Amino acid sequence: MKKIIIIVLMLGLGTFARAAEKNDSTKRDTVKINNQLRKLNEKLNDLQAELTKVQNRLPDEQAAAEEASKTSSKAQEKSRSEASSAVGGDTGDARKAAKAAKKAANETGDAEDADNKVKKDQKKIKDLNKDIEKTKEKIVKLQQDQV
């Protein structure tokens, strides 16, 4: 009889210990999820701030790229006219043509740089939007797991 009582008592204590352990792990999981949610919300805010910053500077960069493209076209046209006049002219005309060609090459390089900067920012906006969506999905999933 004593053995049966001891066995029943041990089983009861084991069940009680498991239930207490499960309750404690739920509290720990909730704290862990809340910390993850806080970090994800901070990350989301940072991503949105960076996105706003890039979106605000993009129109200025696009205008600068367009202006650089116009300047490059004008420089190339001047270079062409100087080159055509240098064909039948003297060494002074050849120097002017060489100078105009160098200026046109520099302006074209500046225009390409400005265009690359615009493309880079457009790609960054696309990537930031993807990161924001992923972060939002993680937040939603954690909130569903918490409930």
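Please refer to the structure placed before this passage.
Heads up: these notes are all about the structure in this document. Within each chain, residues carry numbers counting from 1 in the order of the written sequence. Owing to the predicted nature of the model, reporting of local features is limited to residues with pLDDT of at least 70; listing and counting of side-chain atom pairs is limited to 80 or more, with chain, interface and lining totals taken over all residues. With hydrogens and water stripped out, all remaining heavy atoms of the structure feed into the side-chain values.

1. Some words on the pattern of salt bridges
Move 1: The working definition used for a salt bridge is a side-chain nitrogen of Lys or Arg within 4 Å of a carboxyl oxygen of Asp or Glu. For the structure shown, the criterion picks out eight salt bridges.
Move 2: The shortest N-O distance in the salt bridge between glutamate 77 and arginine 80 comes to 2.9 Å. One end of the pair, glutamate 77, and the other, arginine 80, are both in helix 1 (residues 2-87), three residues apart, so they sit about a helical turn from each other.
Move 3: Via salt bridges that share partners, Arg57, Glu61 and Asp121 belong to a single interconnected network. Put simply, DSSP H or I for four residues or longer makes a helix, DSSP E for two residues or longer makes a strand, and each gets a number counted from the N terminus.

2. Some points on the layout of surface pockets
Using a probe with the size of a water molecule, rolled over the atoms, empty space left in the structure can be pinpointed.
Move 1: The computed volume of the largest pocket comes to approximately 160 Å³.
Move 2: Considering the residues around the largest pocket, the lining is formed by Thr71, Lys74, Ala75, Lys78, Glu82, Lys96, Lys99, Ala100, Lys103 and Glu107.
Move 3: Of all the secondary-structure elements, those providing two or more residues to the lining of the largest pocket are helix 1 and helix 2 (91-146).
Move 4: Basically, the charged four are Asp, Glu, Lys and Arg, the nonpolar ten are Ala, Val, Leu, Ile, Met, Phe, Trp, Tyr, Cys and Pro, and anything else, Gly included, counts as polar. The class makeup of the residues in the lining of the largest pocket is two nonpolar, one polar and seven charged. Cavity: a set of points on a 1 Å grid over the protein atoms alone where a 1.4 Å probe fits but cannot get out. Pocket: an open set with protein on both sides within 12 Å along at least five of seven lines, its lining residues, like those of a cavity, having an atom within 4 Å of a point. Grid points are joined across faces, edges and corners, and a volume is the space filled by probe spheres set on the points.

3. Describing a positive patch on the surface
Move 1: Only residues whose relative accessible area exceeds 30% and that form no salt bridge are eligible for patches; like-charged ones are grouped when within 9 Å, while nonpolar side chains (Val, Leu, Ile, Met, Phe, Trp, Tyr) are grouped when within 5 Å. Computed with a 1.4 Å probe, the accessible areas rest on the Shrake-Rupley method; for each residue, only the protein chains presented here act as cover. Charged residues are defined narrowly, with Lys and Arg counted positive, Asp and Glu counted negative, and His plus the chain ends left uncounted. Here the site of a charge means NZ on Lys, CZ on Arg, CG on Asp, or CD on Glu. Together, Lys43, Lys126, Lys130, Lys134 and Lys138 make up a region of like positive charge exposed at the surface.
Move 2: In terms of residues, the positive patch owes the most to one element, helix 2, which gives four residues.
Move 3: Within the secondary structure, lysine 126 is located in helix 2.

Nothing here speaks to function; it is geometry throughout.
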